[in-house]
Amino acid sequence: MKVLGIESSCDETAASVVEDGHKILSNVIATQIPFHQIYKGVVPEIASRKHVEWILPVVKQALKEANLTIDDIDAVAAANRPGLMGALLVGLTFGKTLAWATNKPFIAVNHMLGHMYAAHLANTISYPYLGLLVSGGHSIIAKVTGFDELEVLGTTIDDAVGEAFDKVAKYYEFGYPGGVIIDKLAKEGDSNAAHFPMPQIKGDHRYDVSYSGLKTAAINQIDQFWTQGCERTPENIAASFQETAVNILLKRLFLAVKDTGLTTVVAGGGVAANSCLRAKLAARTDINCIFPPLKLCTDNGAMIAGVGYHFLKRGDRSGWDTTAKARVEGFRKGVSASQKAKFQ
Ligand code: KG4
Ligand code: ZN
């Protein structure tokens, strides 16, 4: 079964054809980075307009690279939540219209389920496992028992980890997008140049993380935490910030590994591309950690097609009245995403 997957939740216009939820026949990602770069962050209105301009050529390219025509496609899937409303609406409306006009089933996909599935496109992974979903909008530690069954154990109580990377990079004018630039700078820096404090979260937050304190420390209070004699270079700031950002996640993740006894960890989302996170997890030889290939960490259509295939196989379909949602209730702590993340 060949599924066309469309993703337009933020600043990438992406489309892909995936066969049987596993074999990527094409994966086209048109990035809008140059258009947002001058504003040092994503401008939602520009993102929506670029999606409108690019969606048709990107989908055509995905079919061309797969050596297929629309007649060869069995179903269309599109990300409809969470993300930028105007941006999501473009891919969703395009996908629904294409499916309706060609008489094919349509599947709306939660883009975070897509990120969780990305590693499955390149690996055979069995459930259950611990999911680490880390992106510009989410920092989730979850128990994953199926492609749409996520029980959120912990999440951020304020900023998402990717958001912290982006904000620190923006403040120090390292460039956009922040995560990948900090990652690169950090390779030349000293992670001991500053010792930022770890968050102390009180109460029922065993697996929760917090990034607003680190962000404030790195931006407004850096003098307080700087090691005397160390040079205040972008590389040193990046390395010290990244070290703490990753340690915050891992501290909670390792607790979840210990408590649940689940030793397979599957990562997903843009921050899963981070080299420090990858290296530190790889160093834990008692944990089987699976990362998506770099190209599948950030937003892409293949992960949407992959999830779409499994819904389709189960007999699920989305109605023509399916709409987009900027936020998703299902990814709160204590709420099983499988109940909430299906078809509203
Ligand atoms: O998954 P994604 O493409 O979009 C969202 O769903 O948010 O993730 C984008 C986020 C951004 O915050 C970006 O700075 C971060 O992922 N990111 C990274 C790296 N590559 C992308 N963060 C740290 N290290 C990286 N190498
Ligand atoms: Zn994403």
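Residues numbered from 1 in each chain as written. Chains lettered and ligands numbered in written order. Predicted model: local features only at pLDDT ≥ 70, side-chain atom pairs only at ≥ 80, totals over all residues. Heavy atoms only, no water.

## Thoughts on the site of ligand 1
Here is the rule: Consider each residue's heavy atoms; a residue with any of them within 4 Å of a molecule or strand counts as near. Two N or O atoms form a polar contact when they lie within 3.5 Å of each other; inside protein one atom must be a possible hydrogen donor and the other a possible acceptor, and for residues adjacent in sequence the pair counts only when both atoms belong to side chains. The protein chains shown are the only cover counted for residues, whose accessible areas, like all others here, come from Shrake-Rupley with a 1.4 Å probe. Put simply, DSSP marks the helices as runs of H or I at least four residues long and the strands as runs of E at least two long, and each gets a number from the N terminus on.
Around ligand 1 there are 18 residues in total, and Gly136, Asp166, Gly179, Asp183 and Asn274 lie nearest to it. For ligand 1, an oxygen atom lies 3.0 Å from a polar atom in the side chain of His115. Between Gly270 and ligand 1, the recorded distance is 3.0 Å, taken from a backbone N or O atom to an oxygen atom. With the chains in place, 89% of the 550 Å² that ligand 1 exposes on its own is no longer accessible. Elements with a minimum of two residues in the shell around ligand 1: helix 4 (111-117), helix 5 (161-171) and helix 6 (178-186).

## Thoughts on the pattern of salt bridges
The line we're drawing: In what follows, salt bridge is the name for a side-chain nitrogen of Lys or Arg lying within 4 Å of a carboxyl oxygen of Asp or Glu. Only protein chains enter the area calculation, which uses a 1.4 Å probe; residues under 20% of their type maximum are buried, those over 50% are exposed, and those in between are partly exposed.
Per the stated rule, a full pass over the model turns up 12 salt bridges. The partner of Glu173 in a salt bridge is Lys40, and the shortest N-O contact between them spans 3.4 Å. In this pair, Glu173 is assigned in the loop between helix 5 and helix 6 and Lys40 in the loop between helix 1 (33-37) and helix 2 (44-65), connecting sequence segments 133 residues apart. Residue classification places Lys40 among the partly exposed positions, given a relative accessible area of 41%. Each of Asp148, Arg314 and Asp316 takes part in one network of salt bridges that share partners.

## Looking at the domain arrangement of the chain
This is how the line gets drawn: Per the annotation, domain bounds derive from an automatic or database assignment of domains. Two residues qualify as a contact provided that any one of their heavy atoms is within 4.5 Å of a heavy atom in the partner residue. We define buried area as the total accessible area lost by two parts upon association, computed with a 1.4 Å probe and summed across both.
Structurally, the chain comprises domain 1 (2-117 + 297-342) and domain 2 (126-291). Averaged C-alpha coordinates put domain 1 and domain 2 at centres separated by 26 Å. At the interface, 29 residues of domain 1 touch 29 residues of domain 2. When domain 1 packs against domain 2, the two sides together hide about 2,300 Å² of surface, and 68% of this comes from carbon and sulfur. The largest contributions to the domain 1 side of the interface with domain 2 come from Met116, Cys297 and Lys333, which together make up 32% of the buried area. In this assembly, domain 1 and domain 2 are joined by two salt bridges. Taking the shortest distance from any N to any O, the salt bridge between Asp148 and Arg314 comes out at 3.1 Å. Our count for the domain 1 to domain 2 interface comes out at five residue pairs in polar contact (both at pLDDT 80 or more).

## A look at the packing of helix 2 against helix 3 (residues 85-101)
Describing two packed helices takes the angle between their axes plus the distance from one axis to the other. What counts, and what does not: Helix axes use the C-alpha atoms of the stretch in contact, all axes being lines fitted to C-alpha atoms, and the angles between their N-to-C directions lie in the range 0 to 180 degrees. Orientation categories follow fixed angle ranges, with anything under 35 degrees roughly parallel, anything over 145 roughly antiparallel, 65 to 115 roughly perpendicular, and all other angles oblique. A clockwise turn of the near helix away from the far one marks a right-handed crossing, whereas an anticlockwise turn of less than a right angle marks a left-handed crossing. In this count, Pro and Cys sit with the nonpolar residues alongside Ala, Val, Leu, Ile, Met, Phe, Trp and Tyr, while Asp, Glu, Lys and Arg are called charged and the others, Gly among them, polar.
It is the contact of helix 2 with helix 3, at a shortest axis distance of 9 Å, that shows an interaxial angle of 30°. In this view, helix 2 runs roughly parallel relative to helix 3, as classed from their interaxial angle. Handedness of the crossing formed by helix 2 with helix 3: right-handed. Two secondary-structure elements touch here, helix 2 through Ser48, His51, Val52, Ile55, Leu56 and Val59 and helix 3 through Gly86, Ala87, Val90, Gly91, Phe94 and Leu98. In the contact of helix 2 with helix 3, the residues fall into eight nonpolar, four polar and no charged.

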